[in-house]
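Reading the structure
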Amino acid sequence: ALDAMLARAAEAGVGGVGAIGGDPARNAVAVQAARVRPDRVVAAVGLDRDCATSPECEAALAELSTGTPPPCVVAVGEVGLDFHYGADSAAAQQALFARMAALARDWSLPLVVHSREAEAATLAALEAHASARGGTDRIGVLHCFTGDADFAARLVELGLFISFSGILTFRRADALRAAAAAVPEDRLLIETDTPYLAPVPFRGCPNEPALLVHTAAALAAVRGCTPEEIAALTSRNAQRLFGSIPAGDVRDEPGDREPTPPA
């Protein structure tokens, strides 16, 4: 299945993928994919917000923090905050996010950050992280961005890249397209968030990296450039942020909950 997916991606012009973890099982899948296909896949590992209240969280954190990551791991993620689904666990999520940020500092790697209905807390956590690491260079990316232009601007000030998914193609996503038009070109990324958020005209189908070209086309339309220019600049940005990633899709998630997007 991995080889077939990568073949379809290559045929569409997507050069490589980043497999993103978020819990012990997904971390293992991401690392294994990167080890099997090091020519096309890199990995991120971390403990996401759902792990914050898990009885196994401490053991998982201890295991993750032991030693150094394998060379195929280029980021700590997915990590972050989701107060839409988990408002009652906000404190635990914030504590875990802080520990994941500390791990990113120990490993000298960027973060892949999830934030939903938690903008103020996300900014506060990232400000603390930037202060502790002594700078904002390669601090990370806010994945599957769904916020407004003001939130994006504050993230950019902190050194974050902003990654847009297939939501950019949705009919009622005008505010998101306005945000995408305003992000500086040296901070732009695009992603799949596989298997969710397939772009129009494939909405409702399982998403995969081959469909990234439709998100690139939507981003090009709102920024007044060509899809080829978007492909080139987002590939350069991925290289700048992660240090080593095949040119192409910066995210191919083994599994995650789909956020509620504009219709």
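Description of the structure in this document. (Residues numbered from 1 in each chain as written. Predicted model: local features only at pLDDT ≥ 70, side-chain atom pairs only at ≥ 80, totals over all residues. Heavy atoms only, no water.)

Between its first and last C-alpha atoms helix α2 (residues 24-36) spans 18 Å; for 13 residues at 1.5 Å apiece the expected length is 18 Å, and the two agree. Where α2 is concerned, the buried positions are Arg26, Asn27, Ala30, Val31, Ala33 and Ala34. The buried side chains of α2 occupy one side of the element, clustering within an arc of 160 degrees when seen end-on. Set apart from the buried face of α2 by more than 90 degrees, the exposed residues are Ala25 and Arg35. In this fold, the buried residues of α2 make contact with α1 (2-12), β1 (17-22), β2 (41-47), α3 (57-64) and β3 (73-82). (Helix = DSSP H or I, 4+ residues; strand = E, 2+ residues; numbered from the N terminus. Expected span 1.5 Å × (residues − 1). Buried < 20%, exposed > 50% of the residue type's maximum accessible area, 1.4 Å probe, protein only. Arc of directions from axis to C-beta. Contact = heavy atoms within 4.5 Å.)

Our next topic: the packing of helix α6 (residues 119-133) against helix α7 (residues 149-157). For the pair α6 and α7, the least separation of the axes is 10 Å and the interaxial angle reads 10 degrees. Taken together, the axes of α6 and α7 lie roughly parallel to each other. The residues of α7 that touch α6, namely those facing Glu119, Leu123, Leu126 and Glu127, are Phe151, Arg154 and Leu155. Looking at the contact of α6 with α7 residue by residue, the class counts come to four nonpolar, no polar and three charged. (Axes fitted to C-alpha atoms, helices over the stretch in contact; angles between N-to-C directions. Parallel < 35°, antiparallel > 145°, perpendicular 65-115°, else oblique. Nonpolar A, V, L, I, M, F, W, Y, C, P; charged D, E, K, R; others polar.)

The subject of this paragraph is the sheet that holds β2. Strand order across the open sheet formed by seven strands is β1-β2-β3-β4-β5-β6-β7, with parallel pairing between neighbours. Taken across any chain shown, the strands that pair with only one partner, and hence form the sheet edges, are β1 and β7 (188-190). Here the strands of the sheet are splayed against their neighbours by 30 degrees on average, with no regard to which way each runs. With respect to the sheet, α6 is in contact with β3, β4 (111-116), β5 (140-142) and β6 (160-164), its orientation differing from that of β4 by roughly 155 degrees. (Pairing = 2+ DSSP bridges.)

Before going further, it helps to examine the packing of aromatic side chains. Any aromatic ring pair is given by two values, namely how distant the centres are and how the planes are angled relative to each other. In total, this model carries two aromatic pairs according to the counting rule given. Ring centres of Phe145 and Phe151 lie 5.7 Å apart, and the angle between their planes is 25 degrees; on these two criteria the pair is classed as stacked. Here the two residues Phe145 and Phe151 agree in accessibility, since each one is buried. Arranged with centres 5.8 Å apart and planes meeting at 75 degrees, the rings of Phe145 and Phe164 form a pair that is edge-to-face. Highlighted residues: Phe145 in the loop between β5 and α7 and Phe164 in strand β6, separated in sequence by 19 residues. (Phe/Tyr/Trp six-rings, centres within 6.5 Å; stacked < 30°, edge-to-face > 60°.)

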